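Now for the letters of each chain:
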Amino acid sequence: LQLDEQFMRVAVVGAIKSGKSTFVNALIGEDYLRRGAGVVTSMITRVRKSNRLEATLVFKGWDDVNEEIRQALILFPSHEGASDVASFDIRRETDRKDLERALASLSSDQIIGRETLDAKIAMLSAYVKGYDRLRNILATDSPVHRLEGENLFVRHRDFAGDDSMAIYLRDLLLGVPDSEFLSDTVEIGDCQGVDSINPRHMTMIQEYLLKTNLIIYVISSRTGLRRADMGFLSLLQQMGFSDTIVFVLNVDMQEHEDLADLATITDRVKDELAIIIDEPRVFSFSSLYWLFTGIEESLAAKDRSRFEQWNTDMELVGFCETERQHFMSFLKRGIGRDRKALLLRNHLDRLAAAMATLREWAAFNEKILSGNVQEAHELIKSVGAMRLHLDEQKQTIRDSLDGRAVKVKRQLGEDVDRFLDGIY
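Below: a short report on this structure. These numbers were taken from a predicted model, which means no experiment stands behind them.

### Here we look at the overall build of the chain
Scanning the chain for helices and strands turns up 17 helices and 11 strands. Counting only residues that meet the buried cut, the chain has 42% of its 424 residues in that class. At a minimum sequence separation of 6, the contacts of the chain that also span at least 24 residues come to 78%. Looking at the chain as shown, the accessible area adds up to about 23500 Å², and 52% of this sits on carbon and sulfur atoms.

### Some thoughts on the packing of aromatic side chains
Aromatic ring pairs: the centre-centre distance and the angle between the two ring planes describe each pair. Tallying each qualifying case throughout the model produces 16 aromatic pairs. Their ring planes at 70° and their centres at 5.8 Å tell us that Phe23 and Phe327 sit as a pair that is edge-to-face. Separated by 304 residues along the polypeptide, Phe23 in helix α2 (residues 20–28) and Phe327 in helix α15 (residues 314–335) bring together distant segments of the chain. Judged by its relative accessible area of 0%, Phe327 is buried.

### Quick word on empty space enclosed by the protein
A water-sized probe, rolled over the atoms, reveals where empty space remains. Counting across every chain of the model gives two cavities of 30 Å³ or more. The wall of the second largest cavity is formed by Phe285, Ser286, Tyr289, Trp290, Cys320, Glu321 and Arg324. Those elements giving two or more residues to the lining of the second largest cavity turn out to be α13 (287–294) and α15. In terms of residue class, the lining of the second largest cavity is made up of four nonpolar, one polar and two charged.

### Section: the nonpolar core
Judged by nonpolar contacts, the single largest core of 107 residues is most densely connected at Phe23, Tyr168, Ile216, Tyr217 and Phe327. Ranked by residue count, the leading element in this core is helix α6 (residues 119–138), at nine residues.

### Looking at the sheet that holds strand β8 (residues 186–190)
Within the open sheet, the nine strands sit side by side as β6-β3-β7-β2-β8-β1-β9-β10-β11. Their pairing is mixed. Each end of this open sheet is capped by a strand with a single partner; those strands are β6 (144–148) and β11 (282–285). The mean angle between the axes of side-by-side strands here comes to 20°, regardless of whether they run parallel or antiparallel. Alignment of strand β3 (residues 54–59) against β6, held across five bridges, turns out to be antiparallel. For Leu57, the partnering residue across the bridge sits in β6 and is His145. Contacts between helix α12 (residues 259–273) and the sheet are confined to β9 (214–220), β10 (245–250) and β11, with β10 contributing the most and set at about 150° to the helix.

### Section: unusual backbone geometry
Positive phi outside glycine occurs at Lys17, with the angle close to 65°. Along the chain, Lys17 falls in the loop between β1 (8–14) and α2. Relative accessible area serves as the criterion here: at 39%, Lys17 is assigned to the partly exposed category. The residue Glu279 is not glycine, and still its phi comes out positive at about 45°. Its place among the elements puts Glu279 in the loop between α12 and β11.

### Regarding α13
Counting buried positions along α13 gives six out of eight residues, so the element sits mostly inside the fold. Those residues of α13 not exposed but buried are Ser287, Leu288, Tyr289, Trp290, Leu291 and Phe292. Buried residues along α13 sit in contact with α2, β10, β11, α14 (301–310) and α15.

Criteria and thresholds
Residues numbered from 1 in each chain as written. Predicted model: local features only at pLDDT ≥ 70, side-chain atom pairs only at ≥ 80, totals over all residues. Heavy atoms only, no water. Helix = DSSP H or I, 4+ residues; strand = E, 2+ residues; numbered from the N terminus. Buried < 20%, exposed > 50% of the residue type's maximum accessible area, 1.4 Å probe, protein only. Contact = heavy atoms within 4.5 Å. Areas by Shrake-Rupley, 256 points an atom, 1.4 Å probe, with all protein chains shown as cover. Phe/Tyr/Trp six-rings, centres within 6.5 Å; stacked < 30°, edge-to-face > 60°. 1 Å grid on protein atoms, 1.4 Å probe; cavity = no way out; pocket = protein on both sides within 12 Å on 5 of 7 lines; lining within 4 Å. Points joined across faces, edges and corners; volume = space filled by probe spheres on them. Nonpolar A, V, L, I, M, F, W, Y, C, P; charged D, E, K, R; others polar. Core = buried A, V, L, I, M, F, W, Y, C linked by side-chain atoms within 4.5 Å. Pairing = 2+ DSSP bridges. Axes fitted to C-alpha atoms, helices over the stretch in contact; angles between N-to-C directions.

Here it is as structure tokens:
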């Protein structure tokens, strides 16, 4: 279907606060997407070319909302009305209040584990928090709401940056006019941070990437590659996306004393990326400087002061501008001359991965079918033994880690006691 429609999708991904939304704004030439201190993207925002400025919000229906909640409540640890899960309706005040009390009774260990929120709890909390603000919208006949014109258009930012509002959305699409980059067959998607503690965000990113032809991975020059970046890039490599990733080292102009300092960080990032991605394509420039260049006439006084200060370092600015031009040349080739190759590449990689799995499964079944009954039983038995062995290894590792954690806690306790003994 994606090949038939000849539609190209470009996903912008990266860690939280790496500058993804700023990059998308710079790319389309206007400050449309919400950005700034404390802003965390909660919903993938798709951007396409349009005849007018508009935001299209597609909401879930009440049936979908309640079904998602019921599925989450089945194994919910503290829901007193567990026997009434099948009839739960968030529109009923008694059901909603019961759920609020159940969520409030949870301990921190039940809410957070392994540096991430529990998926069910994150979803239920978001639904409860957003209900009062969105119940009137969902009560309307049409699930599709359009915000047209500049005054209404900006309201989409409330949904893109708030989990409790984004949870009620099925889709968020922005239509923007007069964009040099966007064409009638190009879409760019601003994704959530790959290090978000909300597991829903990772699921949404992976689903969107399956429809994507080019991935722009944004890395902050202030933080460099993080552990979450390396983990997610390893996942992309396993999914067969390596050949369709281009990296943008988003330069924080205030962070670097000179070009030599930036060059050191750039080299380090390239070396780290090369561990996972063969010959990574990395372009170093400032998305915020690029955006300010495009909207210079409308800059606020504070932003104008920063912009003028950056322009005093002509060497750094010149380097970033050259890198940006190289990046745009690469990007325009990708959506122009090399368009068909990109449209095909991801699909062929995914088909190859699927075929490899099918070949392994076929070979396994061939061994079973080509032998006699005794041989088939022996083969199945050996597979079961291997699985049991792997389960035992996983349990051993888990027990070792648990034991190590207890030992570390005990040692910390003894150290604290000794420290306090010297005080009291």
